Amino acid sequence: MKFVLLHHSACDCRAFHYRIDSGGGVQSLLPESERGAHTQSIGVVLSGDFNLNKPSEAQLEALRSLLLQIKLRHPDITIGGHRQVRGERTDCPGRRFPLTALREWSAEGLTEARDAAFTSAVERQYAPS
């Protein structure tokens, strides 16, 4: 996989790998090994119309956690919005979705979180009994 593409449920696209509801619950819809709506991508849809409203903080927290898990499995994956591959044909994941802030976090905070998770896993394996 090369990309994680973010969508909102107002998008007409289908076949996502994960759905995040407004309360932050994450549901797996399709195995990552199966093709979703976009080739070479893991599709994540957040419930809501982000042209009208911003995603809830619970959704964003769940999304960051999910992105960390995906990054651990696919270290070279790039995070983007559906509109980045569809251009002017869509505004998905919505004008009020904080895509720029999330991409900045993915460039810095996500890498730090991934490294901390690796360090913690190694330390647990080799900790004295």
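Rules of the game
- Residues numbered from 1 in each chain as written.
- Predicted model: local features only at pLDDT ≥ 70, side-chain atom pairs only at ≥ 80, totals over all residues.
- Heavy atoms only, no water.
- Buried < 20%, exposed > 50% of the residue type's maximum accessible area, 1.4 Å probe, protein only.
- Helix = DSSP H or I, 4+ residues; strand = E, 2+ residues; numbered from the N terminus.
- Arc of directions from axis to C-beta.
- Salt bridge = Lys/Arg side-chain N within 4 Å of Asp/Glu carboxyl O.
- Axes fitted to C-alpha atoms, helices over the stretch in contact; angles between N-to-C directions.
- Parallel < 35°, antiparallel > 145°, perpendicular 65-115°, else oblique.
- Contact = heavy atoms within 4.5 Å.
- Nonpolar A, V, L, I, M, F, W, Y, C, P; charged D, E, K, R; others polar.
- 1 Å grid on protein atoms, 1.4 Å probe; cavity = no way out; pocket = protein on both sides within 12 Å on 5 of 7 lines; lining within 4 Å.
- Points joined across faces, edges and corners; volume = space filled by probe spheres on them.
- Core = buried A, V, L, I, M, F, W, Y, C linked by side-chain atoms within 4.5 Å.
- Phe/Tyr/Trp six-rings, centres within 6.5 Å; stacked < 30°, edge-to-face > 60°.

Colleague: Run through helix 3 (residues 99–107), naming residues and quoting values.
Modeller: Three or more residues of helix 3 are buried, namely L99, L102 and S106. With its buried residues spanning 65° around the axis, helix 3 presents them on a single face. Residues of helix 3 that are exposed and point over 90 degrees away from its buried face: T100, E104 and A107.

Colleague: Before we move on, can you summarise the pattern of salt bridges with the specific residues and values?
Modeller: Tallying each qualifying case throughout the model produces four salt bridges. In this structure, R114 engages D115 in a salt bridge whose closest nitrogen and oxygen atoms are separated by 3.1 Å. For R114, a relative accessible area of 16% corresponds to the buried category. The class for D115 is partly exposed, based on a relative accessible area of 35%.

Colleague: Quick rundown of the packing of helix 3 against helix 4 (residues 109–126)? Include the residues and the values.
Modeller: At their nearest, the axes of helix 3 and helix 4 sit 3 Å apart, and the two run at 40° to each other. Here helix 3 is positioned oblique relative to helix 4, judged by the angle of their axes. In this structure, helix 3 uses W105, S106 and A107 to contact helix 4, whose residues at the interface are G109, L110 and T111. Each residue belonging to the contact of helix 3 with helix 4 can be placed in one class, and the counts come to three nonpolar, three polar and no charged.

Colleague: Could you give an account of empty space enclosed by the protein, with specific residues and numbers?
Modeller: Summed over the entire model, instances satisfying the criterion amount to one cavity of 30 Å³ or more. Here the largest cavity is characterised by a volume of approximately 30 Å³. In terms of lining residues, the largest cavity is bounded by A15, F16, H17, G36, A37, H38, S41 and G43. Grouping the constituent residues of the lining of the largest cavity by class yields three nonpolar, five polar and no charged.

Colleague: Tell me what's going on with the nonpolar core, and back it up with residues and numbers.
Modeller: It is characteristic of soluble globular proteins that their nonpolar side chains tend to be buried jointly. Ranked by internal contacts, the top residues of the largest apolar core, which has 20 residues, are V4, L6, V44, L63 and F97. Broken down by secondary-structure element, the contributors of at least two residues to this core are strand 1 (3–8), strand 2 (18–20), strand 4 (41–46), helix 1 (57–73) and helix 3. A total of six residues in this core trace back to one element, the largest contributor, which is helix 1. Aside from chain neighbours lying at most four places away, what touches V4 is I42, V44, L67, I70, I77, T78, I79 and G80.

Colleague: Before we move on, can you summarise the packing of aromatic side chains with the specific residues and values?
Modeller: Using the criterion set out here, one finds one aromatic pair in the structure. Both rings, one in F50 and one in F97, keep their centres 5.9 Å apart while their planes meet at 45°; by these two values the pair is tilted. Of this pair, F50 sits in the loop between strand 4 and helix 1 while F97 sits in the loop between helix 2 (83–86) and helix 3; the two residues are 47 residues apart in sequence, bridging distant segments of the chain. Here F50 falls in the buried class, since its relative accessible area comes to 2%. Residue classification places F97 among the buried positions, given a relative accessible area of 4%.

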